Amino acid sequence: MLPLCLYLLSLSDGPSEWDIAELQTVTWVLGIPHPTGFPLFVMTGWAFAHLLPIGTVAFRVNLLCALCAAAACRLLYETAVVLTASRIVALVASVWFAVTDAVWTHAARADVHDMSLALCAAAIYAGVRFFALRGIGRRFAPANAPQGDTVAPQCDTVARFDKLSAGSQRDTFLVVSALLWALALAAHLGAVWLLPGMLWLFAVALVTRRVSSGVALRVVAALAIGAVCYAYLPLRSWWVVSHHVDPASTLAGMENGTFIWDYNRPSTWAGFWREVTGSDFGASKAFFAAFNLLQLQNAVWEWFGSLNAQFGVYGIVAAVVGFYELLRRRWIVAVFLLASCMGTAIFSYGYAAEGDPDRYRLLSFWFAAVSIAAAYAPFARLRFLQVPRVVFTGFLVASLVGTYVNTAAVHFELAKSTNQQLIDRVRRVVPPGTLLVTLWPSATTLAYGAYVEGTFADRLIVPSWPSSAAPHYLAWSKVRPVYVLSTEAVYAAGLVYVPWRLAGGTYLYRFDPKALRGGETGRRNVRR
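Below, the structure is looked at part by part.

Conventions adopted
Residues numbered from 1 in each chain as written. Predicted model: local features only at pLDDT ≥ 70, side-chain atom pairs only at ≥ 80, totals over all residues. Heavy atoms only, no water. Helix = DSSP H or I, 4+ residues; strand = E, 2+ residues; numbered from the N terminus. Buried < 20%, exposed > 50% of the residue type's maximum accessible area, 1.4 Å probe, protein only. Contact = heavy atoms within 4.5 Å. Areas by Shrake-Rupley, 256 points an atom, 1.4 Å probe, with all protein chains shown as cover. Expected span 1.5 Å × (residues − 1). Bend = angle between axes of the 7 residues up to and from the residue. Core = buried A, V, L, I, M, F, W, Y, C linked by side-chain atoms within 4.5 Å.

Turning our attention to the overall build of the protein chain. A tally of regular secondary structure across the protein chain gives 24 helices and five strands. The burial tally for the protein chain puts 55% of its 528 residues in the buried class. Considering only contacts in the protein chain between residues 6 or more positions apart, those separated by 24 or more positions represent 72%. Carbon and sulfur atoms provide 64% of the accessible area of the protein chain, an area that totals close to 23,500 Å².

Here you go:
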């Protein structure tokens with residue numbers, strides 16, 4: 001509850017910009033966002049935003065993400081409890097993870113990676129529980145049995161019952177792990193990097209003869225659920241096009257879909273492929289580059305730098321010690337955690353198109369926090385020496401407090417900032433019935449005003465570089481008056497500067513066909 005309380009206090013109730021505002025808008029209109037489509041997040045966000053009458057739509061979507069991030073922290077605690085002997089250490093490690101800058105930044109805003117993190121962490125936790133259930137579990141032990149990894153049955157009947165119960169739990173955790181991974185894939189296809197860990201999980205299950213044909217079928221069915229979620233993309237795209245939901249789809253140059261409503265037009269096979277693979281952003285190239293040994297070496301080295309920014313040098317030392325302890329005591333689980341959590345982080349260092357790579361590293365930081373908690377094991381073995389254990393726990397608490405002090409003020413201040421002012425100011429100078437071309441960061445904000453608030457209604461938003469869209473201005477002007485909003489001066493034929501300079505050095509232009517015929521350009525009309 002503590003991480004959730006912190007996140008709630010730092011949630012913004014207004015529209016943001018970039019991908020955050022896009023997700024705040026797409027979930028409300030049940031649209032199609034940028035790759036990889038995030039069908040589960042969009043459908044869940046739509047239900048959450050419409051069924052929860054609390055605050056603004058932006059606040060509701062932010063709240064959904066905060067709940068997901070808090071769930072990931074709780075799953076970290078539960079995983080650490082399974083792997084360590086101290087609930088206090090597990091609690092401190094999970095809260096420390098919650099207040100790191102990367103986690104808190106993404107938890108307090110609309111970000112699909114929060115849901116992906118929660119589902120991936122849940123899948124990993126279910127896998128850890130599967131590994132932990134070897135022999136007869138404590139939960140099914142007789143009341144007078146000794147506590148330990150296994151217990152001696154009192155009679156053959158009890159033994160058969162306990163073995164059946166433990167086996168049933170193992171099957172359940174295996175299927176649940178597969179289902180949660182499938183849902184994580186439906187939330188964000190970046191969860192594909194859990195594949196090595198999941199293969200390890202299923203391989204161990206097969207080698208130890210823990211999987212029957214019935215369980216295998218349930219695992220396949222669970223994985224199929226994630227694939228079914230992606231049917232949302234072509235079906236919704238077809239509906240948007242056939243029912244003319246987005247009037248911008250009829251404009252010249254929009255044959256491949258429109259942002260917010262029908263990105264990439266996944267109702268076509270080519271559009272569906274672009275949407276789910278992110279090929280337009282070089283995701284495929286970055287995926288295969290992650291297997292380059294030289295890049296792998298550089299990525300690991302740089303990851304320790306990112307880890308240092310979150311947990312500090314002492315945190316790195318504790319994580320290394322903890323992972324060594326996991327390898328020494330439960331190497332099968334250690335390999336599973338490493339294979340599941342590090343792939344997406346390695347991918348992020350080769351993904352040049354990503355402007356916020358830390359969100360791809362959240363799961364690796366989660367793994368590091370689990371390892372930090374596992375570093376308590378050497379001290380737990382000192383049963384008659386309380387001082388080392390107290391010192392280690394105190395070190396974790398001091399590190400948590402230090403991290404909180406360094407990050408809290410910034411995040412509480414960010415809760416007060418929104419982009420509502422941009423919507424209000426542009427609305428006053430851009431008349432209704434117009435088409436506004438602007439860059440992606442402001443386009444998503446204005447789309448929130450147009451499609452969620454309704455205060456920017458009857459205006460079409462087209463995200464594009466103003467110079468790239470210039471060839472279409474003349475055709476678009478025959479349908480609607482065209483305006484261009486840019487953070488830099490734009491020199492294109494036909495653009496006339498509107499004498500109103502917005503906050504932040506933003507320029508506004510109006511496309512005038514007469515100026516185009518007269519050979520005038522925006523250069524002549526820009527104020528110096």
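We now examine helix H14 (residues 293–329). Between its first and last C-alpha, H14 extends only 29 Å over 37 residues, short of the 54 Å set by a 1.5 Å rise per residue. Of all bends in H14, the biggest is about 110°, found at Phe311.

A few words on helix H15 (residues 331–341). Those residues of H15 lying buried are Ile332, Val333, Ala334, Phe336, Leu337, Ser340 and Cys341. Along its buried surface, H15 packs onto helix H4 (57–83), helix H7 (112–132), helix H9 (195–207), H14, helix H16 (343–348) and helix H17 (362–374).

With respect to the helices, strands and loops of the structure, Thr418 is situated in the loop between helix H19 (386–414) and helix H20 (420–429). Note on Thr418: relative accessible area 30%, which makes it partly exposed. Separated by 406 residues in the primary sequence, Thr418 and Ser12 place their C-alpha atoms 7.1 Å from one another. Discounting residues that sit within four places of it in the chain, Thr418 has contacts with Ser12, Asp13, Gly14 and Pro15.

This brings us to the nonpolar core. Core analysis: the largest hydrophobic core is formed by 158 residues, its most contacted members being Tyr7, Phe97 and Trp366. Per-element accounting of this core gives the leading share, 19 residues, to H4. Apart from residues lying up to four places away in sequence, Tyr7 is in contact with Ala66, Ala69, Ala70, Cys73, Ala98, Val103, Trp104 and Ala107.

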